[in-house]
Amino acid sequence: MSRSTIPPGSAAPAGSTRNGYAPGRLTVHSDPAKLTPVTRALRGAGRKIALIPTMGALHEGHRELIRHARRLPGTVVPVVSIFVNPLQFGAGEDLERYPRPLEADLEACREEGVELVLTPQVEHMYPPGSETRIAAGALGDELEGAVRKGHFDGVLTVVSKLFHIVGPDVALFGEKDYQQLTLVRRMVRDLDFPLSVVGVPTVREDDGMALSSRNAYLDPEQRGRAAVLARALVAGASVSARGPDAVLAAARAELAAEPDIELDYLELRDADLGPAPASGEARLLVAARAGSTRLIDNVPVAL
(Lines give C-alpha, C1' and ligand atoms only; values in the text may rest on other atoms or scores of the structure.)
Protein backbone atom coordinates (compact mmCIF):
# COMPACT_ATOMS: atom_id res chain seq x y z
CA MET A 1 0.00 0.00 0.00
CA SER A 2 1.22 3.51 -0.75
CA ARG A 3 0.50 6.53 1.36
CA SER A 4 0.70 10.25 0.68
CA THR A 5 2.17 12.64 3.19
CA ILE A 6 0.41 15.73 1.85
CA PRO A 7 -0.56 17.64 5.01
CA PRO A 8 -4.25 17.30 5.93
CA GLY A 9 -6.28 20.15 4.58
CA SER A 10 -3.61 21.19 2.07
CA ALA A 11 -4.69 21.55 -1.51
CA ALA A 12 -2.61 19.59 -3.96
CA PRO A 13 -0.67 22.02 -6.14
CA ALA A 14 -1.40 22.53 -9.80
CA GLY A 15 -0.12 19.69 -11.91
CA SER A 16 -0.63 17.03 -9.24
CA THR A 17 -1.39 13.56 -10.48
CA ARG A 18 -3.70 10.83 -9.32
CA ASN A 19 -1.05 8.16 -9.52
CA GLY A 20 1.00 9.01 -6.43
CA TYR A 21 2.83 12.26 -7.18
CA ALA A 22 2.12 15.84 -6.19
CA PRO A 23 4.69 18.51 -7.14
CA GLY A 24 6.12 20.17 -4.09
CA ARG A 25 4.81 17.54 -1.67
CA LEU A 26 6.41 14.43 -0.25
CA THR A 27 4.70 11.20 -1.26
CA VAL A 28 5.79 7.90 0.27
CA HIS A 29 5.33 4.64 -1.64
CA SER A 30 5.77 1.40 0.25
CA ASP A 31 4.76 -0.73 -2.75
CA PRO A 32 7.35 -0.61 -5.56
CA ALA A 33 4.69 -1.54 -8.12
CA LYS A 34 2.87 1.72 -7.34
CA LEU A 35 5.99 3.86 -7.78
CA THR A 36 7.09 2.51 -11.16
CA PRO A 37 4.23 4.04 -13.20
CA VAL A 38 4.76 7.37 -11.42
CA THR A 39 8.41 7.70 -12.39
CA ARG A 40 7.67 6.36 -15.87
CA ALA A 41 5.02 9.06 -16.37
CA LEU A 42 7.35 11.77 -15.09
CA ARG A 43 10.08 10.72 -17.50
CA GLY A 44 7.51 10.67 -20.31
CA ALA A 45 6.67 14.26 -19.41
CA GLY A 46 10.30 15.29 -19.75
CA ARG A 47 11.35 15.13 -16.10
CA LYS A 48 14.73 13.65 -15.13
CA ILE A 49 14.62 11.05 -12.34
CA ALA A 50 17.53 10.98 -9.88
CA LEU A 51 17.69 8.00 -7.52
CA ILE A 52 19.40 8.18 -4.14
CA PRO A 53 19.45 4.63 -2.69
CA THR A 54 19.83 4.57 1.11
CA MET A 55 19.34 2.28 4.08
CA GLY A 56 17.88 5.15 6.09
CA ALA A 57 19.29 6.76 9.23
CA LEU A 58 19.80 9.78 7.00
CA HIS A 59 22.54 12.24 7.93
CA GLU A 60 24.20 15.25 6.34
CA GLY A 61 25.96 13.02 3.82
CA HIS A 62 22.62 11.75 2.52
CA ARG A 63 21.28 15.30 2.46
CA GLU A 64 24.22 16.31 0.27
CA LEU A 65 23.36 13.52 -2.18
CA ILE A 66 19.84 14.96 -2.45
CA ARG A 67 21.15 18.51 -2.86
CA HIS A 68 23.59 17.34 -5.51
CA ALA A 69 20.73 15.68 -7.38
CA ARG A 70 18.71 18.88 -7.28
CA ARG A 71 21.66 20.79 -8.77
CA LEU A 72 21.86 18.52 -11.82
CA PRO A 73 20.98 20.14 -15.15
CA GLY A 74 17.36 19.89 -16.26
CA THR A 75 14.15 19.39 -14.34
CA VAL A 76 15.08 16.77 -11.76
CA VAL A 77 12.83 14.74 -9.47
CA PRO A 78 14.92 13.18 -6.67
CA VAL A 79 13.66 9.77 -5.54
CA VAL A 80 15.02 8.48 -2.22
CA SER A 81 14.75 4.79 -1.40
CA ILE A 82 14.92 3.71 2.25
CA PHE A 83 15.46 -0.02 2.65
CA VAL A 84 17.66 -1.95 5.07
CA ASN A 85 18.79 -4.66 2.67
CA PRO A 86 19.24 -8.01 4.44
CA LEU A 87 21.27 -9.48 1.57
CA GLN A 88 24.25 -7.26 2.32
CA PHE A 89 24.51 -8.27 5.98
CA GLY A 90 26.52 -11.33 6.91
CA ALA A 91 26.14 -13.66 9.87
CA GLY A 92 26.80 -11.82 13.11
CA GLU A 93 26.54 -8.37 11.52
CA ASP A 94 24.24 -5.63 12.75
CA LEU A 95 21.08 -6.18 10.69
CA GLU A 96 18.72 -6.27 13.66
CA ARG A 97 20.21 -3.26 15.44
CA TYR A 98 20.75 -1.16 12.33
CA PRO A 99 18.99 2.17 13.03
CA ARG A 100 15.57 2.64 11.41
CA PRO A 101 14.32 6.15 12.34
CA LEU A 102 11.79 6.29 9.51
CA GLU A 103 9.83 9.35 10.64
CA ALA A 104 13.02 11.37 11.10
CA ASP A 105 14.21 10.19 7.68
CA LEU A 106 10.98 11.30 6.04
CA GLU A 107 11.24 14.68 7.73
CA ALA A 108 14.79 15.05 6.39
CA CYS A 109 13.53 14.23 2.89
CA ARG A 110 10.72 16.76 3.28
CA GLU A 111 13.17 19.44 4.38
CA GLU A 112 15.36 18.76 1.34
CA GLY A 113 12.45 19.03 -1.09
CA VAL A 114 12.20 15.34 -1.98
CA GLU A 115 8.87 14.51 -3.62
CA LEU A 116 9.06 10.72 -3.89
CA VAL A 117 10.28 8.20 -1.30
CA LEU A 118 10.23 4.41 -1.63
CA THR A 119 10.06 2.40 1.62
CA PRO A 120 9.56 -1.23 0.56
CA GLN A 121 9.31 -4.21 2.86
CA VAL A 122 11.56 -7.24 2.50
CA GLU A 123 8.73 -9.24 0.91
CA HIS A 124 8.39 -6.57 -1.79
CA MET A 125 12.04 -6.75 -2.75
CA TYR A 126 12.52 -10.49 -2.25
CA PRO A 127 9.24 -12.36 -2.69
CA PRO A 128 9.08 -15.96 -1.50
CA GLY A 129 11.09 -18.15 -3.85
CA SER A 130 13.33 -15.29 -5.02
CA GLU A 131 16.80 -16.77 -5.64
CA THR A 132 18.47 -14.79 -8.43
CA ARG A 133 21.43 -12.66 -7.35
CA ILE A 134 23.96 -10.38 -9.03
CA ALA A 135 27.57 -11.56 -8.70
CA ALA A 136 30.01 -8.74 -7.99
CA GLY A 137 32.97 -10.53 -9.58
CA ALA A 138 36.58 -10.63 -8.40
CA LEU A 139 36.63 -7.11 -6.95
CA GLY A 140 33.65 -8.04 -4.80
CA ASP A 141 35.89 -10.47 -2.89
CA GLU A 142 38.62 -7.91 -2.16
CA LEU A 143 38.91 -5.14 0.45
CA GLU A 144 35.47 -5.01 2.09
CA GLY A 145 34.48 -8.18 0.28
CA ALA A 146 37.32 -10.15 1.83
CA VAL A 147 35.94 -9.37 5.29
CA ARG A 148 32.23 -9.39 4.42
CA LYS A 149 31.70 -12.38 2.16
CA GLY A 150 28.81 -11.90 -0.26
CA HIS A 151 28.24 -8.31 0.84
CA PHE A 152 28.59 -6.77 -2.59
CA ASP A 153 26.47 -9.46 -4.25
CA GLY A 154 23.70 -8.26 -1.93
CA VAL A 155 24.42 -4.61 -2.67
CA LEU A 156 24.36 -5.04 -6.44
CA THR A 157 21.25 -7.21 -6.31
CA VAL A 158 19.21 -4.61 -4.45
CA VAL A 159 20.61 -1.72 -6.50
CA SER A 160 19.75 -3.47 -9.75
CA LYS A 161 16.19 -4.05 -8.52
CA LEU A 162 15.89 -0.39 -7.53
CA PHE A 163 17.09 0.62 -10.99
CA HIS A 164 14.34 -1.48 -12.57
CA ILE A 165 11.67 -0.19 -10.16
CA VAL A 166 12.52 3.50 -10.38
CA GLY A 167 13.95 3.73 -13.91
CA PRO A 168 16.30 6.61 -13.05
CA ASP A 169 18.27 8.72 -15.48
CA VAL A 170 20.98 9.11 -12.86
CA ALA A 171 21.84 7.44 -9.54
CA LEU A 172 23.91 9.10 -6.85
CA PHE A 173 26.22 7.38 -4.36
CA GLY A 174 28.61 8.76 -1.77
CA GLU A 175 32.33 8.32 -2.28
CA LYS A 176 32.71 7.18 1.35
CA ASP A 177 31.65 3.72 0.16
CA TYR A 178 34.09 3.90 -2.72
CA GLN A 179 34.22 0.18 -3.46
CA GLN A 180 30.44 0.11 -3.63
CA LEU A 181 30.46 3.09 -6.01
CA THR A 182 33.08 1.41 -8.20
CA LEU A 183 31.15 -1.87 -8.35
CA VAL A 184 27.85 -0.14 -9.15
CA ARG A 185 29.53 1.74 -11.99
CA ARG A 186 30.95 -1.55 -13.28
CA MET A 187 27.54 -3.25 -13.09
CA VAL A 188 25.90 -0.39 -14.99
CA ARG A 189 28.57 -0.65 -17.67
CA ASP A 190 28.60 -4.45 -17.89
CA LEU A 191 24.81 -4.94 -17.84
CA ASP A 192 23.96 -1.93 -20.04
CA PHE A 193 21.73 -0.09 -17.58
CA PRO A 194 20.55 3.09 -19.34
CA LEU A 195 21.62 5.56 -16.66
CA SER A 196 24.64 7.40 -15.32
CA VAL A 197 26.19 6.96 -11.89
CA VAL A 198 27.44 10.02 -10.02
CA GLY A 199 29.83 9.85 -7.08
CA VAL A 200 29.47 12.63 -4.50
CA PRO A 201 32.45 13.57 -2.28
CA THR A 202 32.38 12.39 1.33
CA VAL A 203 30.83 14.74 3.87
CA ARG A 204 32.94 15.03 7.02
CA GLU A 205 32.61 16.26 10.57
CA ASP A 206 34.77 19.08 11.94
CA ASP A 207 37.56 16.69 12.91
CA GLY A 208 37.55 15.11 9.44
CA MET A 209 35.71 11.92 10.33
CA ALA A 210 33.44 10.67 7.55
CA LEU A 211 29.74 10.81 8.31
CA SER A 212 28.23 7.34 8.62
CA SER A 213 25.08 5.86 10.08
CA ARG A 214 27.32 3.51 12.08
CA ASN A 215 28.95 6.42 13.91
CA ALA A 216 25.89 6.34 16.18
CA TYR A 217 27.19 3.07 17.65
CA LEU A 218 30.33 4.75 19.04
CA ASP A 219 30.55 5.94 22.62
CA PRO A 220 32.34 9.30 23.15
CA GLU A 221 35.72 7.69 23.82
CA GLN A 222 35.49 5.45 20.75
CA ARG A 223 34.33 8.39 18.68
CA GLY A 224 37.38 10.40 19.66
CA ARG A 225 39.75 7.56 18.79
CA ALA A 226 38.02 6.81 15.49
CA ALA A 227 38.98 10.22 14.10
CA VAL A 228 42.45 8.77 13.54
CA LEU A 229 41.20 7.13 10.33
CA ALA A 230 40.69 10.49 8.67
CA ARG A 231 44.00 11.81 10.06
CA ALA A 232 45.80 8.77 8.64
CA LEU A 233 44.32 9.31 5.20
CA VAL A 234 45.24 13.00 5.22
CA ALA A 235 48.77 12.13 6.35
CA GLY A 236 49.15 9.68 3.48
CA ALA A 237 47.71 11.99 0.85
CA SER A 238 49.94 14.85 2.01
CA VAL A 239 53.11 13.01 0.91
CA SER A 240 51.73 11.70 -2.39
CA ALA A 241 54.49 13.39 -4.38
CA ARG A 242 56.96 10.99 -2.76
CA GLY A 243 55.27 7.90 -4.16
CA PRO A 244 53.13 4.94 -3.00
CA ASP A 245 55.47 3.65 -0.28
CA ALA A 246 55.62 7.05 1.39
CA VAL A 247 51.83 7.38 1.30
CA LEU A 248 51.30 4.06 3.06
CA ALA A 249 54.09 4.64 5.57
CA ALA A 250 52.72 8.03 6.61
CA ALA A 251 49.20 6.65 7.03
CA ARG A 252 50.43 3.65 9.04
CA ALA A 253 52.44 5.88 11.35
CA GLU A 254 49.34 7.93 12.15
CA LEU A 255 47.25 4.82 12.81
CA ALA A 256 49.91 3.44 15.13
CA ALA A 257 49.30 6.38 17.46
CA GLU A 258 45.88 4.86 18.34
CA PRO A 259 46.60 1.25 19.39
CA ASP A 260 42.98 0.73 20.48
CA ILE A 261 41.87 1.01 16.85
CA GLU A 262 41.97 -2.46 15.27
CA LEU A 263 43.05 -2.14 11.63
CA ASP A 264 41.44 -4.42 9.05
CA TYR A 265 43.26 -3.01 6.04
CA LEU A 266 45.05 0.02 4.67
CA GLU A 267 45.50 -0.12 0.90
CA LEU A 268 46.46 2.09 -1.98
CA ARG A 269 44.74 1.26 -5.27
CA ASP A 270 44.23 2.95 -8.62
CA ALA A 271 41.03 4.91 -9.24
CA ASP A 272 39.21 1.75 -10.40
CA LEU A 273 40.56 -0.22 -7.41
CA GLY A 274 43.11 -2.12 -9.40
CA PRO A 275 46.79 -2.26 -8.32
CA ALA A 276 48.26 1.05 -7.22
CA PRO A 277 50.00 2.94 -10.04
CA ALA A 278 53.46 4.45 -9.69
CA SER A 279 51.96 7.81 -10.62
CA GLY A 280 48.59 9.32 -11.44
CA GLU A 281 45.19 9.10 -9.76
CA ALA A 282 44.85 6.63 -6.92
CA ARG A 283 42.69 5.89 -3.87
CA LEU A 284 43.83 5.33 -0.29
CA LEU A 285 41.37 3.16 1.63
CA VAL A 286 41.16 2.13 5.27
CA ALA A 287 38.90 -0.08 7.38
CA ALA A 288 39.18 -0.49 11.14
CA ARG A 289 37.20 -1.24 14.26
CA ALA A 290 36.56 1.04 17.20
CA GLY A 291 35.20 -1.33 19.81
CA SER A 292 32.75 -3.54 17.95
CA THR A 293 31.95 -0.92 15.30
CA ARG A 294 33.56 -1.31 11.90
CA LEU A 295 34.33 1.91 10.03
CA ILE A 296 35.61 2.62 6.53
CA ASP A 297 36.98 5.71 4.82
CA ASN A 298 39.02 6.71 1.78
CA VAL A 299 40.51 9.71 0.00
CA PRO A 300 41.72 10.41 -3.53
CA VAL A 301 45.51 10.56 -3.91
CA ALA A 302 47.46 12.08 -6.80
CA LEU A 303 50.74 10.14 -6.98
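Residues numbered from 1 in each chain as written. Predicted model: local features only at pLDDT ≥ 70, side-chain atom pairs only at ≥ 80, totals over all residues. Heavy atoms only, no water.

## Thoughts on the overall build of the protein chain
Formally: Helix numbers and strand numbers start at the N terminus; a helix is a DSSP run of H or I with at least 4 residues, a strand a run of E with at least 2. As a reference, a globule follows 2.2 Å times the number of residues to the power 0.38, and the radius of gyration itself is taken over C-alpha atoms. Residue exposure (1.4 Å probe, protein chains only): buried if accessible area is under 20% of the type maximum, exposed if over 50%, otherwise partly exposed.
If you tally the helices and strands in the protein chain, you get 10 helices and 10 strands. Expected size for 303 residues packed as a compact globule is a radius of gyration near 19 Å; at 20 Å, the protein chain falls within 12% of this value. The C-alpha extent of the protein chain, read off along each of the three principal axes, is 60 × 40 × 40 Å. The buried share among the 303 residues of the protein chain stands at 53%.

## Thoughts on the sheet that holds strand β10 (residues 293-302)
Rules: Pairing between strands requires that DSSP locate at least two bridges from one strand to the other. Note on definitions: angles span 0 to 180 degrees between N-to-C directions of axes, and those axes are lines fitted to C-alpha atoms, for helices only across the stretch in contact. Residue contacts are defined here by distance: any two heavy atoms, one from each residue, within 4.5 Å place the two residues in contact.
Taking strand neighbours across the sheet as the criterion, the 3 strands line up as β8-β9-β10 in an open arrangement whose pairing is antiparallel. Each having just a single partner strand, β8 (261-270) and β10 make up the two edges of the open sheet. Averaged over all adjacent pairs, the angle separating strand axes in this sheet is 15 degrees, with direction ignored. Where helix α9 (residues 228-238) meets the sheet, its contacts fall on β8, β9 (281-290) and β10, and the angle it forms with β10 comes to roughly 20 degrees.

## Things to note about helix α7 (residues 178-190)
Note the threshold: The length a helix should cover is 1.5 Å for every residue beyond the first.
A rise of 1.5 Å per residue sets the reference length of α7, with its 13 residues, at 18 Å; its end C-alpha atoms lie 18 Å apart and thus fit the reference within 8%. Along α7, the residues that are buried comprise Y178, Q179, Q180, L181, T182, L183, V184, M187 and V188. For α7, the elements touching its buried residues are α5 (144-147), α6 (151-166), β6 (170-174), β7 (196-200), β9 and β10.

## Some details on the pairing of β10
By the criterion of burial, β10 is predominantly enclosed, with 8 of the 10 residues buried. Joining the antiparallel neighbours β9 and β10 is a turn of 2 residues, in which G291 adopts a positive phi near 65 degrees.

## Examining the nonpolar core
Rule in force here: To qualify as a nonpolar core, a set must consist of buried Ala, Val, Leu, Ile, Met, Phe, Trp, Tyr and Cys residues joined through side-chain atoms within 4.5 Å.
Membership of the largest hydrophobic core comes to 41 residues, with the highest contact counts inside it found for L116, V159, F163, F173 and V184. Those elements that provide at least two residues to this core are α1 (32-44), β3 (48-54), β4 (76-82), β5 (116-118), α6, β6, α7 and β9. Per-element accounting of this core gives the leading share, 9 residues, to α6. In this structure, F173 is in contact with P53, L65, V159, F163, Q180, L181, V184, V197, V198, G199 and V200, ignoring residues within four places of it in sequence.

## Brief notes about the side chain of N85
The condition that has to hold: Whenever two N or O atoms come within 3.5 Å, that pair is a polar contact, provided that in protein one can donate a hydrogen and the other can accept it, and provided that, for residues adjacent in sequence, both atoms are side-chain atoms.
As for its position among the elements, N85 is in the loop between β4 and α3 (102-111). Side chain to side chain, N85 and Q88 meet in a polar contact 2.9 Å long. A distance of 3.0 Å separates a polar side-chain atom of N85 from the backbone oxygen of G154.

## Observations concerning the environment of L116
Mapped onto the fold, L116 is located in strand β5. As for L116 and P78, which are separated by 38 residues in sequence, their C-alpha atoms are 6.9 Å apart.

## Considerations on the packing of aromatic side chains
Stated formally: Stacked, tilted and edge-to-face pairs are distinguished by plane angle, under 30 degrees for stacked and over 60 for edge-to-face with tilted covering the rest, among Phe, Tyr and Trp rings (Trp via its six-membered ring) whose centres lie within 6.5 Å. The criterion for a charge sitting over a ring is simple: Lys NZ or Arg CZ within 6 Å of the ring centre, and within 35 degrees of the ring normal.
All told, the structure shown has 3 aromatic pairs when counted by the stated rule. Their ring planes at 50 degrees and their centres at 6.3 Å tell us that F83 and Y126 sit as a pair that is tilted. Residue F83 is found in the loop between β4 and α3, and its partner Y126 is found in the loop between α4 (122-125) and α5; the two are separated by 43 residues along the sequence. You'll find F83 and Y126 in the same group, each marked buried. Here F163 and F193 contribute two aromatic rings whose centre-to-centre distance is 5.3 Å and whose plane-to-plane angle is 70 degrees, an arrangement assigned as edge-to-face. Separated by 30 residues along the polypeptide, F163 in helix α6 and F193 in the loop between α7 and β7 bring together distant segments of the chain. One residue, R97, lies across the ring of Y217, its end atom 4.1 Å from the ring centre.

## Some details on unusual backbone geometry
One non-glycine residue, L143, adopts positive backbone phi at about 50 degrees. By secondary structure assignment, the location of L143 is in the loop between α4 and α5. Since its relative accessible area comes to 5%, L143 is described here as buried. One non-glycine residue with positive phi stands out, namely L273, at about 70 degrees. Mapped onto the elements, L273 comes out in the loop between β8 and β9.

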